[in-house]
There are 4 protein chains.
Amino acid sequence: MREDVIGRSRVEDTEELERYYEELRKFDAGALWTVANEIEPWYPQPRSVPMHWRYEDLRPMVLKSASLVSGDDAGRRVVMLVNEGRQELSAAVGLLYTGLQIMNPGESMTAHRHAAAALRFVIEGEGAWTIVDGDRLKVGPGDFAITPKGTWHEHGNDSSQTPVIWQDGLDIPLVNALDANFYEVHPELHQVPGKVVNTSLLQHGAGILKPDRRGWSKRYSPLLAYPWEMTYQALLDQAKVSEGTPHDGVIMEYVNPVTGGSVMPTMGAHMQLLQPGQATQAHRHTGSVIYHVAKGRGHSVIAGRRFDWKQNDIFAVPSWAWHEHANDDDRDDACLFSFNDFPMIHSLDLWAEAAYTEDGGHQPVG
Amino acid sequence: MREDVIGRSRVEDTEELERYYEELRKFDAGALWTVANEIEPWYPQPRSVPMHWRYEDLRPMVLKSASLVSGDDAGRRVVMLVNEGRQELSAAVGLLYTGLQIMNPGESMTAHRHAAAALRFVIEGEGAWTIVDGDRLKVGPGDFAITPKGTWHEHGNDSSQTPVIWQDGLDIPLVNALDANFYEVHPELHQVPGKVVNTSLLQHGAGILKPDRRGWSKRYSPLLAYPWEMTYQALLDQAKVSEGTPHDGVIMEYVNPVTGGSVMPTMGAHMQLLQPGQATQAHRHTGSVIYHVAKGRGHSVIAGRRFDWKQNDIFAVPSWAWHEHANDDDRDDACLFSFNDFPMIHSLDLWAEAAYTEDGGHQPVG
Amino acid sequence: MREDVIGRSRVEDTEELERYYEELRKFDAGALWTVANEIEPWYPQPRSVPMHWRYEDLRPMVLKSASLVSGDDAGRRVVMLVNEGRQELSAAVGLLYTGLQIMNPGESMTAHRHAAAALRFVIEGEGAWTIVDGDRLKVGPGDFAITPKGTWHEHGNDSSQTPVIWQDGLDIPLVNALDANFYEVHPELHQVPGKVVNTSLLQHGAGILKPDRRGWSKRYSPLLAYPWEMTYQALLDQAKVSEGTPHDGVIMEYVNPVTGGSVMPTMGAHMQLLQPGQATQAHRHTGSVIYHVAKGRGHSVIAGRRFDWKQNDIFAVPSWAWHEHANDDDRDDACLFSFNDFPMIHSLDLWAEAAYTEDGGHQPVG
Amino acid sequence: MREDVIGRSRVEDTEELERYYEELRKFDAGALWTVANEIEPWYPQPRSVPMHWRYEDLRPMVLKSASLVSGDDAGRRVVMLVNEGRQELSAAVGLLYTGLQIMNPGESMTAHRHAAAALRFVIEGEGAWTIVDGDRLKVGPGDFAITPKGTWHEHGNDSSQTPVIWQDGLDIPLVNALDANFYEVHPELHQVPGKVVNTSLLQHGAGILKPDRRGWSKRYSPLLAYPWEMTYQALLDQAKVSEGTPHDGVIMEYVNPVTGGSVMPTMGAHMQLLQPGQATQAHRHTGSVIYHVAKGRGHSVIAGRRFDWKQNDIFAVPSWAWHEHANDDDRDDACLFSFNDFPMIHSLDLWAEAAYTEDGGHQPVG
Ligand SMILES: [Fe+2]
Ligand SMILES: [Fe+2]
Ligand SMILES: [Fe+2]
Ligand SMILES: [Fe+2]
Ligand SMILES: [Fe+2]
Ligand SMILES: [Fe+2]
Ligand SMILES: [Fe+2]
Ligand SMILES: [Fe+2]
């Protein structure tokens, strides 16, 4: 990729050079100038594209999977969502993976753990439980839960009637890109949970008070589940005193109450509230984001394309793509759950951001 | 103080030495060995003694002050509690100050700020308010509030009928010992508060979710008031899954939700719950503590002396004094609010601690 | 990839499933169980293989490039070293890039900057200079220098006789994998350096004393060049009091003197000393490493393959590959410079490590 | 202390109030308004005054002590320097202690440790050694060494001819004010040092390179001695690229190479260089400082008083006192060593600072 700009590679191929390149290949070497402009782009060139998955499309497919394969055989019965530009990595956007997992009434999975970190956002069903390092959690629609790196986990549905469907989010493609993934099946196949359910919430849910001297030194939140009711209330409270940011409205991050930081070192999660009729202004930044419509209906414009969404739809914003969100309901608020790789981007000091300033902050829709 | 131990000062006074000492004094100098054993004690030698102030004694005196002096003339109308061994410093224990402040119905104070940090624990009255850096807070019995170093503050009572009494805690003696106190009267005498009451609670009270990108970089908690209901519920939740520590029972620290650390860099605060009939084991540690009985009745043994307390009593534990607490009610729990200088002790790496191991952890009462 | 183990995916393909998979593809979805065992491997499965580049092979090729293309046209005249398993990423190992850059006598490059971070290890030539954010550095053989993310940089050779060859190390593949790369040509094409050469070394080279209140808040080291003499002396000093680690001998990390941490958030660098005849024991860990033989001769065994190296050779160890090093000279020490992605691996909490315990810590060589 | 200002205490004593105050005393209580203006001053009111101790006065007294008492009987043979306003605390300024210690040729002290932290600045004698937690250090004139809190230490002089005199600095008054001092005599009276002298310097003296994975987690510097030569060279290097600050000239802080922070959590130390003829401008700040003239001659103006100093003189600046320094030699530089309580002041967020802006930054001398 020749660019006729000083400071960029402008070498034209010649026969002599071709011979030289061939010789280099023998020594497992190459000429930087043949790829420099590509691997040092002017700005990020993600292969990921904006994506939108409709729950009305996915739900029947997910339900179908529940009859086609047993959870036992599948490991977990998950329909994964794959970015058109990231199929070889099974990524939904950037280096993030997501999927919809279903568990039939009465079903449960075996326990395992891995170096990849996981999170869940519950969509439907009342019987969902998960045991994370011995803490049995009950979770329902709108709840957010985490399964940090290296924690034993197993899930199930103790309802006798309705299936559970939740969204999984993992950093599998990232951890694989870093050649750092490990996997283990639990030696007993199942954990023995403690007697009390939702221990982590009872211990750490107060947030503004912490257990004295608990000596937590792990790199992730000891709080493992964040109920929808507390989350939505926090947004309503926040909305009483703040308009939030121009690009996101009222937005809050789920935090590790021990440090005030993100829930895990590779992935963070947010919930944001769009007031009736609110339309945010566009911005873009490094980092990839997967959104889940937790409440309401509206649309987002991503890289100039409009996506109309409603509850339980999922959409993805690649790094450095312009994006803006609108609540299309004039009477009720809308809530977007999202997870992202921002903690990593910040750890590595790779955050960059820009506001879209033309036309009141709104992109032309192509 | 001569001690006949190798490694300690054992010099006996002689006439020659006396002459030498006198000569040294001319040069603003002295001989270390004349004071070494005193200033390098085997273990801490606080001048503070254990103290107990009964609310039934103090309340009439506090009410009386409300008729004797105007709040305006007094600056603030406060009965301060003074340790027998710390009168020259106006300290309740160690380098901590405490007092009971009263505000008559309809009264309000002028605004000021200082380098000393303050905290409040509300005892009675429904009309209490305080404006801290423009945030108007409403506080009631059992609520804990902070006025960090350098924040403008002014208080009042908007009840038409009942006085407000709360306990003040400050690090005035510490900040004076460090020659670092400053004081300013507000140029307008009063702040203009924001429209919404309890902004800090609405913004930061969720604890497990934080406002995105709020950019808080101050060294104290942006959450300024911690309601009693949330605090007591957090203790009850915690008690479902933990017995707490042997020396304190179920105990939680009020935290800065941005960092998970103590509310201010010089002082921290806790609330602890003693189950019906529970008696903790004795321990001791560096750091000074002032307790306020938030609920119930019981007794504490401090340095071998027994103090029987009931609601709203205040007592103090000096550094390195053995202490243990008991709830003397068989049917109801008891709650102790306390504040301390632990954040400073830990910053300076001066924490030391020991458990009392004899006799099941209980001191003989002399 | 079917694995007949409970807790792994064991679903066999059927016609009905094939139809289901096809239907999923329409919705940009897939069945996790078809790829689960691959993307959740039992342990890291790097595509990178161990590599060894001989300087005697590379040097003629590098010299040849200097006559084939102008530095101006090439951007920079660099022979890059490419892992057999990472050609599509232009990576030497993992997500690390490396290459050999040559500058003819009197030559200089234009200034630019990028989100990717760079480091240099100088091999030969006395005239090398680099200007990093206005600080002009002179560097010679054995010196280590950094060009952190976002710093303007330009290089040159002010010798009239000999070319400069140095090794570049960059995190380009990583920053591209994270879709976070940016590139800018300096608006004036060249910086105006300060009057004093090696300012950063004069200001920060003492290490054990720091400029008071310099207020450095950037995420990388303000010290930009680390001379060979100081580095080698530090190793000799260290060797007087420590045998180092069993797997690396006496090894020291180049640090940011402001924080004591790694020089940059994505890459770290070490220098290690192997005593005459010393052979370390094998270990493996997550993280990728590129070594440069700074002094001496010896061999390394990587994933069971033996590589005999001498001065200025380069070799690479992939994540989770067993590796051990030996100095084959009985009379002189050997020094290995290396750089790695460990700071990132630690930030993301992905470090894992194991010692090779059989056969005295030595792998069988296949 | 009545002040006729709104927002300050303005209550006049009456008979009724006197009776009330007496009643309060019975309950270990008092009226805040009787002391409020005193304990909440407009700005710091240190009892410490500026001090200057001439080495020509002190040296003979110190030498005399060596014949008057045995080191063994004295514990350590130290002439302590006492602030006129701090005699009851044996403090030189604020809550800092300092003294001059002498050891006769061939003498050595027994080992002990304490919660108070110590530092040394060597004045004369070539035979000084100290063993700190088993590391035997040799120190000479101009060297700075630390004995952090809780480390076993013992000193001696292995010269056969000349005595050793050094300055001790300790935080004894601070640690006592916080009721946190402990003292222990070594059970064996002496430590067994490691074979290599100055281990800490060999391991950590490089500063810009650190031993890999050393796992140092203590709160103080693992580097225990900072040689004069390295210190002076660092100042000369710094002076080539920076004029330093207007109030201190070229000034550097001795740091913990693991963290880049101060050497100990309670006390920090600096060395500063005044160019020939240089006179700094006055400023003031919280925090107390003790200076030692390491090189040259000059004067300082402290709170409007002029103190003319020469090599080995000691002087002290109280909190919030204006101060400025001048090198009165036109041909040679002057160096001031100093130690302070700044790390504590910063930990507790009590730093305040102001520049003297009138008259070119120079105080009138009264
Ligand atoms: Fe899993
Ligand atoms: Fe965004
Ligand atoms: Fe106040
Ligand atoms: Fe205690
Ligand atoms: Fe570059
Ligand atoms: Fe290794
Ligand atoms: Fe000592
Ligand atoms: Fe100063």
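Everything numeric here is computed off the predicted structure, so don't read it as measured data. (Residues numbered from 1 in each chain as written. Chains lettered and ligands numbered in written order. Predicted model: local features only at pLDDT ≥ 70, side-chain atom pairs only at ≥ 80, totals over all residues. Heavy atoms only, no water.)

K.L.:
What should I look at first to understand the relation of the copies chain C and chain A in this one?
P.N.:
What relates the pair of chain copies is a rotation about an axis plus a shift along that axis. Expressed as a screw operation, the relation of chain C to chain A combines 0.0 Å of axial shift with a rotation of 180°, fitting to an RMSD of 0.0 Å. Look at the turn and shift together and you get a two-fold axis relating the two. Closest approach to the rotation axis among the C-alpha atoms of chain C is made by Ser347(C), whose C-alpha sits 3.2 Å away. The fraction of interface residues of chain C whose copies in chain A are also interface residues reaches 100%, indicating that both copies meet through the same surface. (Least-squares fit on C-alpha atoms with pLDDT ≥ 70 in both. Contact = heavy atoms within 4.5 Å.)

K.L.:
Looking at this structure, I do not really get the interface of chain D and chain B. What am I missing?
P.N.:
For an interface, size is often stated in terms of accessible area lost upon the parts coming together. With 88 residues of chain D in contact, the opposing surface of chain B contributes 88 residues. The three residues of chain D that bury the most area against chain B are Asp28(D), Asp179(D) and Tyr183(D), which together make up 9% of that side's buried surface. Counting across the interface, chain D meets chain B through 10 salt bridges. Taking the shortest distance from any N to any O, the salt bridge between Glu40(B) and Arg76(D) comes out at 3.0 Å. Our enumeration of links across chain D and chain B arrives at 36 residue pairs in polar contact (both at pLDDT 80 or more). No other element matches the 7 residues that helix α3 (residues 55-68) of chain D contributes to the side of chain D that touches chain B. When strand β1 (residues 29-31) of chain B meets strand β3 (residues 78-81) of chain D, the two strands line up antiparallel, connected through 3 bridges. Paired with Ala29(B) across the strands is Leu81(D), a residue of β3(D). (Buried area = accessible area lost by both parts, 1.4 Å probe. Salt bridge = Lys/Arg side-chain N within 4 Å of Asp/Glu carboxyl O. Polar contact = N/O pair within 3.5 Å; in protein donor to acceptor, adjacent residues only side chain to side chain. Helix = DSSP H or I, 4+ residues; strand = E, 2+ residues; numbered from the N terminus. Pairing = 2+ DSSP bridges.)

K.L.:
Please clarify how the sheet that holds strand β3 (residues 78-81) of chain B should be interpreted in this entry.
P.N.:
For sheets, the rule is that strands pair by backbone hydrogen bonds, running either parallel or antiparallel. Spatially, the 7 strands line up as an open sheet ordered β14(B)-β9(B)-β6(B)-β11(B)-β4(B)-β3(B)-β1(D), and their pairing is antiparallel. Of all strands in the sheet, those with a lone pairing partner are β14 (225-226) of chain B together with β1 (29-31) of chain D, marking the two edges. One ladder, built from 2 bridges, connects strand β9 (residues 144-147) of chain B with β14(B); its direction is antiparallel. Looking at β14(B), one finds that Phe144(B) is bridged to Tyr226(B).

K.L.:
I'm lost on the pairing of strand β8 (residues 135-138) of chain A in this one. Help?
P.N.:
It is a general feature of regular strands that their side chains alternate between the two faces of the sheet. Residues and elements named next belong to chain A. The two faces of β8 differ: Asp135 and Leu137 on one face are buried, but Arg136 and Lys138 on the other face are not. With 4 bridges joining them, strand β7 (residues 128-132) and β8 adopt antiparallel strand pairing. Its bridge partner being in β8, isoleucine 131 is matched across the sheet by arginine 136. Hairpin connection from β7 to β8: 2 residues lie between these consecutive antiparallel strands, with aspartate 133 at a positive phi of about 45°. (Buried < 20%, exposed > 50% of the residue type's maximum accessible area, 1.4 Å probe, protein only.)

K.L.:
Is there a simple way to explain the relation of the copies chain D and chain B in this structure?
P.N.:
Laying chain D over chain B is done by rotating through 180° and shifting 0.0 Å along the axis; what remains is an RMSD of 0.0 Å. Of the residues that chain D buries at the interface, 100% are likewise interface residues in chain B, meaning the two copies contact each other through the same surface.

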